[in-house]
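Overview (structure and organization)
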Amino acid sequence: MKNLSVKTGILSMAFLTLTAMSCKSETKKTETEDTHAMEASSHENEGHDHATMHGDSDSHERSVEASTEKNAATTPILDAYIQIKNGLVADSKEKAAAGATALLKAFSAFNMSELKGDTHNEYMEILESAKEHAEHIVESTIDHQREHFEGLSTDISDLVTLLGTEKTLYKDFCPMANNNKGGAWLSEVKDIKNPYFGAKMLKCGSVQQQIN
Amino acid sequence: MKLVKIISIILLVVFVGIQFIPTTRNLSKDVSNSDFMVVFDVPKNIESKLKVSCYDCHSNNTYYPWYNKIQPVAWFLEDHINEGKAELNFSTFGEYSKRRQKSKLKSIMSQITDDEMPLESYTLIHSDAKLSKEDKKEVVSWIETLVY
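Small disclaimer: the values here were computed from a predicted structure and weren't measured. Every chain begins its residue count from 1, and numbering advances along the sequence as written. Chain A is the first chain written and ligand 1 is the first ligand written, with later ones labelled in order. A pLDDT threshold of at least 70 governs which residues receive local features in this predicted model, and a stricter bar of 80 or more applies before side-chain atom pairs are shown or counted, although totals over entire chains, interfaces and linings include all residues.

Turning our eyes to something else, we now look at the overall build of chain A. When helices and strands are tallied, chain A shows 6 helices and 3 strands. Going along the chain from the N terminus, every DSSP run of H or I of four or more residues is numbered as a helix, and every run of E of two or more is numbered as a strand. When the helices and strands of chain A are listed from N to C terminus, the series reads α-α-α-α-α-β-α-β-β.

Below you can see the structure in the form of structure tokens.
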């Protein structure tokens, strides 16, 4: 009898520890991205015949005019975005995360009551997506931050197109970012400082467009 | 020895007791119109891979083996599934804006490529959910055709 209860005890303890252990094994990332074949954006843009998502963000049915307005309201958002960008340029996970926290704050402080109709809907979609990226940047490893920064850059760049800015910005593009699919970002300085690679390839990329 | 006996009896009682605490099962019979498989034209081989390897935690329908109905496993699982669905829900994929769909697709690709998903703790128990190198390539390059 004694033996039996000892056995059950051991068994149930083993069971409990086993079940407690199985969660959330934080998987480690390996850094193996140094293999950059210098063929630029090799993605074919041939048509695919089924439902794809080509050029989604700019080919909406919505008719939103690109804004050339000198809008000061977007400045806190853009400043926070640039803070993330500069964090990644400096290979600093912490600085990027701090920028993402600032970005979340800037978004919640943004007054969207002036936005009407399609502009409002478009803004809401950008907001939703940008927030998700920022939340991930707050809590991720730097590789993962950079992945989300790529999506975030699309959102912020679309936001500038939608609402305008008073800042002078440069839209830069690096064909090697995003696993050679290419990635864009906005910068406050004309010199190329690549947030996707940091010190590894600081100069990779070129200015594609100047805003203001 | 007596202490061990007492402790094991207590544990046993607790173990039996918690079995009676109800949990919500993540089971929905209907396939919604916004399900990933409805929204996209998914090839059969990709569909089965996504369903076996991803849908348990990232959809409104989980396949529960018997041991997942036992506490405290069931609790842990419930939590885990809620978290997974908050991040990505294949059952309601069509409800995301196009913008977010695209970014989710990109994240799916990178999570699979970086071996972060499916979670190791999950494939340890569900060996059928494990994706081989070839499987991963296949899934990722198919998703690529949606995004790029």
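Anyway, onward from the coordinates.
Glancing now at the sheet that holds strand S3 (residues 206–211) of chain A. All names here are of chain A. Spatially, 3 strands are ordered S2-S1-S3 in an open sheet, and the strand pairing comes out antiparallel. Single-partner strands in this sheet number two, and they are strand S2 (183–187) and S3. Strand-to-strand twist of the sheet, defined as the mean angle between neighbouring strand axes without regard to direction, takes the value 25°. Any two strands with at least two DSSP-identified bridges between them are counted as paired. Fitted lines through C-alpha atoms serve as axes, helices being fitted only where they are in contact, and the angles separating the N-to-C directions of these axes extend from 0 to 180 degrees.

What follows is about the nonpolar core. Across soluble globular proteins, nonpolar side chains show a tendency to be buried alongside one another. Tyr81(A), Ile84(A), Leu103(A) and Ile156(A) are the most contacted members of the largest nonpolar core, which has 24 residues in total. Only helix H2 (75–89), helix H3 (93–109), helix H4 (117–139), helix H5 (142–163) and S2 of chain A provide two or more residues apiece to this core. When residues in this core are grouped by element, the largest group, 8 residues, is from H2(A). Setting aside anything within four residues of it in sequence, one finds Tyr81(A) in contact with Leu103(A), Ile156(A) and Leu186(A). We call a set of buried Ala, Val, Leu, Ile, Met, Phe, Trp, Tyr and Cys residues a nonpolar core when their C-beta atoms link them within 7 Å. Here exposure depends only on C-beta density: within 10 Å of a residue's C-beta, 20 or more other C-beta atoms make it buried, 12 or fewer make it exposed, and intermediate numbers make it partly exposed, the C-beta atoms being placed from the backbone. Of all hydrophobic cores here, the second largest spans 22 residues; its members include Leu50(B), Cys54(B), Leu105(B) and Leu131(B). Residue pairs qualify as contacts under a 7 Å threshold applied to their C-beta atoms, which are placed from the backbone.

Residue and element names in this part refer to chain A. Within the secondary structure, Leu159 is located in helix H5. Overall, Leu159 belongs to the buried group, with 24 C-beta atoms counted inside 10 Å. The spatial distance from the C-alpha of Leu159 to the C-alpha of Asp172 is 16 Å, given a sequence separation of 13 residues. In this structure, Leu159 is in contact with Thr74, Ile77 and Ile126, ignoring residues within four places of it in sequence.

Take it as geometry only, folks, not as evidence of what the structure does.
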